[in-house]
Amino acid sequence: MQIISDVREPLVTGDKTYHDITKDIAGRVEDSPAPLWWGAFAFALVLLVAGGAFLGDMLWNGIGRWGLNKTVQWAWDITNFVWWVGIGHAGTLISAVLLLFRQKWRTAINRAAEAMTIFAVICAAVWPIVHMGRPWLGAYWVLPIPNTFGSLWVNFNSPLLWDVFAISTYFSVSLVFWYMGLVPDFATIRDRAITRFGRIFYGVLSLGWLGGAKAWVHYEAMSLILAGLSTPLVLSVHTIVSMDFATSVIPGWHTTIFPPYFVAGAIFSGFAMVLTLMLITRKVYKLEHYITLEHIELMNIIIMVTGSIVGIAYITELFMAWYSGVPYEQYCFINRSTGDYWWAYWAMMTCNVISPQVFWFKKVRTSIVLTFILSIIVNIGMWFERFVIIVTSLHNDYLPSSWTYFSPTAWDVMCYVFTFGLFFTLFFLFAKFFPVINMAEVKAVLKSSNQHVYKNRDTIKDPHNVV
Amino acid sequence: MAAHKDYHFDREALNEQFVFSAKAKKTIFIIIGIGVLFSLIGLFFMATDSGHHDEAHAAIEMTGNKLASLENPDAVQAQGQHAAEAGHHAYHWTNRVKVNLWINIIYFIGLSVVGLFWVAIQYISMAGWSVGFKRVPEAFASFLPLGLILFLATFAWGYHEIFHWTDTSLYDEGTAAYDAIIAGKSSFLNIPFFIGGSIVIIGGWYLFHFFIRKQSIAEDKATDKTQVRKRYRTMVKLSAAFVVFFGVTSSVASWWWTLSIDTHWFSTMFGWYHFASWWVAGIAAITLTVVMLREAGYLKFINENHLHDLGKFVFAFSVFWTYIWFSQFLLIYYANIPEETAYFVERLSSPIYRKYILVILLVNFIIPFFGLMTRNAKRKMTILKVICITVIIGHWFDFYQMITPGTLRENGSFGFLEIGMPFIFIGVFAYLVGLSLAKAPLVAKNHPLLEEAYTHET
């Protein structure tokens, strides 16, 4: 028997029935798109095309188009790569880790978060590919493919190669997890389809799902197995990304705390991006009864916790640089906080460590506007974190005569814009053609977690009075 | 739970009172007795200096001159001033007693505070399943006051032998013993700050325990719902404050109490590594205590579903500890910077300590990983007991290899004293936990989430 204590908040409000859930979520897929959707989609396409033009130009003319120089050989490219991969972590955390921890509130947000993961990983993958210079030969650099180029073979000692394996494994498992979760919902949409296109399109996607008891048993077992597989993968991906830096002997890069600290930072930025997307989706698709203030508050708490973990890691790095007595380490951190890039360092500190502390106040945690602003601030902060780690550690290297400053060019900026275009194009297509909330799983918690179950609770007041 | 129709949740019926029986006390005294006996035998051998001599000789011969510079990072830094310094650290058999006390004090203070950390995490994450046995981790922190006394006493007695940085000659500029690197750390590594800070840390932990415990007992006695809710909310807030305090202090404590032993060495991961070792050992100790109470006929409604979840925690955090251990090792190994590798060279090239690296990886990773992998294993009390005891012993060895090489160097050893002393600590720890459990009802009957724990299914 499933007992849920009355100190918990309901997960589905507004007296919803099973049919309402289908109507509210599958309805968005069946309706023709709203003008707002067309506008947003067109904007994403503009970013994609405009950024794509610069990216194409860069590929044609070479990486010299970027602002890299012989001291700062890695800058926005790898910053953007790490930033996107980091964002991808929240989806798997929600779908896998929260499943293992039996957090039922994940049901309303897992679908969109997993989609976000997949698109973010695609955006991340753009960077290593385009920075190869000649990406059509890229497979030889990243995969052990026999060839006639002479002594060209992948370097198994390189964490960059480990990245290839880690991220492709992670991507495959996340994709399977996401798709399997979609199957029952596709079947629902197929069964409701009134157009020929809908019947065929969702009929193929739903893999003949009939919703029998046995199929559900398999579904549940598969979810747990995939969750068990994805959990170490979440850790491994950003661990290995962190090793791209930490295995080196560059002060500011080589520090042992990097693996868990990068993972915490990734979850931090990922949740911020989930909130950015969900707050908009919730509003546009009128999903306030499914993505309630309780969901938003819990996500904000995770942001606060992971932001504070990241803060402890920053302080640990600073302390150890001093404590180590190594002049290089000490200089590196003095340079970070007071050198040419002081503004980036303090932007990072303010956005990542100080700003999430406002979530200690329940009023802020449950304010939609403030949450939205904070979610953007956190994402800016996490971009700066990677920029600070990468560029400030490189620009003043071991040889003072080569010290220099990195300035981005239009190509740096526009190639980054391209990935935004790609990300939002994919996300808007997803929001239109796929159900943004896992209907089947929300239905599974409806009975035990609607607002009638709770007689004596003090529910959070929704400022928009939709509850 | 079987028939839904007849189901009625009766909080009062779940109430139990733990009686610290004469039999349990006797068992604990026997454990302490064994510990005392082993320790005395160990002390006798050490004082009369038999049995140990050959091993120490072998160690010196095998490490040889070439490794001496790597074995002792001071030598790398202080360039030849090593000889003068070594005079200060002439080995006496009591050094081993001091170091052993330190290992056990740090380890058991860790197990103790992990109990409180567990309780705090359960409150802020609103975990329902674990409510039934929350008095067990709550009782763990009752060791802290004694822990603090032992900590201060041992520090007062053995600081010079345990902490190289307390040697005042290191700070005399211009003398042969002067060590610029250690002198640079003196604003953190100095005796007044160390003692003051440690009192604030352990005292702070205890104060949080005191207030959380007070609310917890008050919740039991509360009669109306608003009272219960108020106590519950207060505990959530106290828990959040404690988690913040512990998040910072657990790292600082590790730098002071353990990292600074190898005074030259540093690693940003160390704080979390130290915590991970405490944390998984603490969870294993909680699980073991729950299983033993269950076997003694207490905690009647705690069934295999709850044990299953505890088993998952032991499994998952064993993997987590290994992840942290391996990340730290790999990054140091890969970058191969002498200042950092010195720590592992000191351990891996020493015939005394080499084996412990493999032992701790085997015992702390392979055994819980394979032992607790299946569903059935996590639901059987016997298997849980065996694995939890293994994990607790394994992490003791983790602390042994963190603390011993930097203090006893080539004189380190594992003998009767090392076996006896943990027995004494286990006995004392168990006695204090028993006393604390007997003071309050064993089930927090008014906990708002108790019903979820009662009907929990995995």
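The rules we used
Residues numbered from 1 in each chain as written. Chains lettered and ligands numbered in written order. Predicted model: local features only at pLDDT ≥ 70, side-chain atom pairs only at ≥ 80, totals over all residues. Heavy atoms only, no water. Helix = DSSP H or I, 4+ residues; strand = E, 2+ residues; numbered from the N terminus. Rg over C-alpha atoms; globule rule 2.2 N^0.38 Å. Buried < 20%, exposed > 50% of the residue type's maximum accessible area, 1.4 Å probe, protein only. Areas by Shrake-Rupley, 256 points an atom, 1.4 Å probe, with all protein chains shown as cover. Lys, Arg positive; Asp, Glu negative; His and termini not counted. Charge placed at Lys NZ, Arg CZ, Asp CG, Glu CD. Salt bridge = Lys/Arg side-chain N within 4 Å of Asp/Glu carboxyl O. Contact = heavy atoms within 4.5 Å. Buried area = accessible area lost by both parts, 1.4 Å probe. Polar contact = N/O pair within 3.5 Å; in protein donor to acceptor, adjacent residues only side chain to side chain. Nonpolar A, V, L, I, M, F, W, Y, C, P; charged D, E, K, R; others polar. Patch = residues over 30% accessible without salt bridge, like charges linked within 9 Å, V, L, I, M, F, W, Y side chains within 5 Å. 1 Å grid on protein atoms, 1.4 Å probe; cavity = no way out; pocket = protein on both sides within 12 Å on 5 of 7 lines; lining within 4 Å. Points joined across faces, edges and corners; volume = space filled by probe spheres on them. Expected span 1.5 Å × (residues − 1). Core = buried A, V, L, I, M, F, W, Y, C linked by side-chain atoms within 4.5 Å. pLDDT = per-residue confidence, 0-100. Phe/Tyr/Trp six-rings, centres within 6.5 Å; stacked < 30°, edge-to-face > 60°. Lys NZ or Arg CZ within 6 Å of the ring centre and 35° of its normal.

**A closer look at the overall build of chain A**
If you tally the helices and strands in chain A, you get 16 helices and zero strands. Against the compact-globule benchmark of 23 Å for 467 residues, chain A has a radius of gyration of 23 Å, which places it among compact chains. Reported as C-alpha extents along the three principal axes, the dimensions of chain A are approximately 70 × 55 × 40 Å. Burial status across chain A gives 58% buried among its 467 residues. With the model as given, the accessible surface of chain A reaches about 19000 Å², and the carbon-plus-sulfur share is 71%. Between the mean site of the 30 positive side-chain charges and the mean site of the 27 negative ones, chain A shows a separation of 8 Å.

**Side note on the overall build of chain B**
Helix and strand counts for chain B stand at 19 helices and zero strands. Burial status across chain B gives 57% buried among its 458 residues. Accessible surface for chain B amounts to roughly 17900 Å². Of this, 68% is attributable to carbon and sulfur atoms.

**Quick notes on the pattern of salt bridges**
Residues and elements named next belong to chain B. Under the definition given, this model contains 25 salt bridges over all chains. The closest approach of N and O atoms between Glu 138 and Arg 135, which form a salt bridge, is 3.3 Å. Of the two residues, Glu 138 and Arg 135 both sit in helix α7 (residues 135-140), three residues apart, roughly one turn of that helix. With respect to burial, Glu 138 and Arg 135 carry one shared label: buried. Among the charged side chains, a network of salt bridges with common partners joins Lys 134, Arg 135, Glu 138, Arg 213 and Asp 220.

**So, the interface of chain A and chain B**
Frequently, the measure chosen for interface size is the accessible area removed from exposure when the parts meet. Across the boundary between the two partners, chain A contributes 42 residues, which contact 51 residues of chain B. With both sides pooled, the region where chain A packs onto chain B buries about 4000 Å², and carbon together with sulfur makes up 67% of that total. Applying the counting rule to chain A against chain B returns two salt bridges. One salt bridge connects A:Arg102 with B:Asp309, and the closest N-O pair in it is separated by 2.4 Å. Counting every contact that joins chain A to chain B gives 14 residue pairs in polar contact (both at pLDDT 80 or more). Of all the elements in the fold, those that place two or more residues in the side of chain A that touches chain B are α6 (159-192), α8 (213-246), α9 (258-284) and α10 (293-324) of chain A. The greatest single-element share of the side of chain A that touches chain B, amounting to ten residues, is contributed by α10(A). In terms of residue class, the side of chain A that touches chain B is built from 25 nonpolar, twelve polar and five charged.

**Considerations on a nonpolar patch on the surface**
Nonpolar side chains collect at one region of the surface, where B:Ile30, B:Ile34, B:Phe414, B:Ile419 and B:Phe423 lie side by side and expose about 380 Å² of accessible area between them. Note that B:Ile30 resides in helix α2 (residues 22-48).

**Quick word on empty space enclosed by the protein**
Inspection of the entire model under this criterion finds eight cavities of 30 Å³ or more. In this structure, the largest cavity is lined by A:His254, A:Thr255, A:Thr256, A:Glu317, A:Met320, A:Ala321, A:Glu329, A:Phe333, B:Phe266, B:Ser267, B:Thr268 and B:Glu340. Those elements that place two or more of their residues in the lining of the largest cavity are α10 and α11 (327-338) of chain A. No other element matches α10(A), which puts three residues into the lining of the largest cavity. A per-class count over the lining of the largest cavity returns four nonpolar, five polar and three charged.

**Remarks on helix α2 (residues 35-61) of chain A**
Residues and elements named next belong to chain A. With 27 residues, α2 extends 39 Å from end C-alpha to end C-alpha; this agrees with the ideal 39 Å at 1.5 Å per step. Along its buried surface, α2 packs onto α4 (110-130) and α15 (410-433). Looking one or two places after α2, you find Gly 62, whose phi comes out positive at around 110°.

**Points about the layout of surface pockets**
Residues and elements named next belong to chain B. Looking at the second largest pocket, its volume works out to about 1200 Å³. Secondary structure elements with two or more residues in the lining of the second largest pocket: α2, α6 (93-124), α12 (270-295), α17 (381-408) and α18 (416-439). For the lining of the second largest pocket, the leading source of residues is α18, giving ten residues. Residues that form the lining of the second largest pocket fall into these classes: 30 nonpolar, four polar and two charged.

**Structural notes on the nonpolar core**
Among soluble globular proteins, nonpolar side chains are generally buried collectively. Membership of the largest hydrophobic core comes to 272 residues, with the highest contact counts inside it found for A:Trp84, A:Tyr261, A:Phe271, B:Trp102, B:Phe133, B:Trp205 and B:Trp257. Here this core takes 19 residues from α6(B), the largest share from any one element. Residues contacting B:Trp205, with those up to four places away along its chain left out, are B:Ile109, B:Val113, B:Leu116, B:Leu144, B:Phe242, B:Phe245, B:Phe246, B:Thr249, B:Ser250, B:Ala253, B:Trp257 and B:Trp278.

**Re the environment of B:Pro448**
Its place among the elements puts B:Pro448 in the loop between α18 and α19 (450-454). Exposure remark for B:Pro448: the relative accessible area of 10% places this residue in the buried category. As a C-alpha pair, B:Pro448 and B:Ala22 span 426 residues in sequence and 34 Å in three-dimensional space. Not counting residues up to four positions away in its chain, the partners in contact with B:Pro448 are A:Ser5, A:Val7, B:Arg11, B:Glu219, B:Val228 and B:Tyr232.

**Section: the confidence of the model for chain A**
All names here are of chain A. For chain A, per-residue confidence averages 91 on the pLDDT scale, and 96% of positions sit at 70 or higher. When pLDDT is averaged over each helix and strand of chain A, the minimum, 87, is found for helix α5 (residues 138-142) and the maximum, 96, for α15. In the model, residues 455-459 has pLDDT below 50 throughout and makes eleven contacts with residues more than four positions away in sequence or in other chains. Ignoring residues within four places in sequence, the model shows residues 462-467, a span with pLDDT below 50, making nine contacts including any to other chains.

**Considering unusual backbone geometry**
Positive phi is not limited to glycine here, since A:Lys286 has a value of about 55°. Looking at the secondary structure, you find A:Lys286 in the loop between α9 and α10. A positive phi angle is found at B:Leu299, which is not glycine, with a value near 45°. Secondary-structure assignment places B:Leu299 in the loop between α12 and α13 (304-335).

**A short note on the confidence of the model for chain B**
Residues and elements named next belong to chain B. Of all residues in chain B, 90% attain a pLDDT of 70 or more, and the chain-wide mean is 89. Between residues 1-5, whose pLDDT stays under 50, and residues either more than four places distant or in other chains, the model counts four contacts. Counted against residues more than four places away or in other chains, residues 51-87, with its pLDDT under 50, gives 46 contacts. Here the complex is predicted with pTM 0.92, and the ipTM for its interfaces comes to 0.93.

**Side note on the environment of B:Pro351**
Locating B:Pro351 in the fold gives a position in the loop between α14 (338-348) and α15 (354-371). A C-alpha to C-alpha distance of 9.1 Å links B:Pro351 and B:Glu410, two positions 59 residues apart in sequence.

**Examining the side chain of A:Ser402**
All names here are of chain A. The residue Ser 402 is located in the loop between α14 (368-395) and α15 in this model. Here Ser 402 falls in the buried class, since its relative accessible area comes to 10%. A polar atom in the side chain of Ser 402 sits 2.9 Å from the side chain of Asp 397. Every residue in contact with Ser 402, bar those within four places of it in the chain, is listed here: Lys 70, Thr 71, His 395 and Asp 397.

**A closer look at α4(A)**
The end-to-end C-alpha distance of α4(A), which contains 21 residues, comes to 30 Å, matching closely the 30 Å that a straight helix rising 1.5 Å per residue would cover. For α4(A), the buried fraction is high: 17 of the 21 residues fall into the buried class.

**A word on the packing of aromatic side chains**
According to the stated counting rule, one finds 133 aromatic pairs over all chains in the structure shown. Consider the rings of A:Trp383 and A:Phe384, whose centres lie 5.5 Å apart with planes at 85°: the pair is edge-to-face. What makes A:Trp383 buried here is its relative accessible area of 9%. Directly above the ring of A:Tyr323 sits B:Lys185, whose terminal nitrogen or CZ lies 3.9 Å from the centroid. Here the guanidinium or amino end of B:Arg347 rests over the ring plane of B:Tyr343, the centre of that ring lying 3.6 Å away.

**What about the environment of A:Phe319?**
Relative to the assigned elements, A:Phe319 resides in helix α10. Residues A:Phe319 and A:Pro408, spaced 89 residues apart in sequence, show a C-alpha to C-alpha distance of 31 Å. The residues contacting A:Phe319, other than those within four sequence positions of it, are B:Phe188 and B:Trp255.

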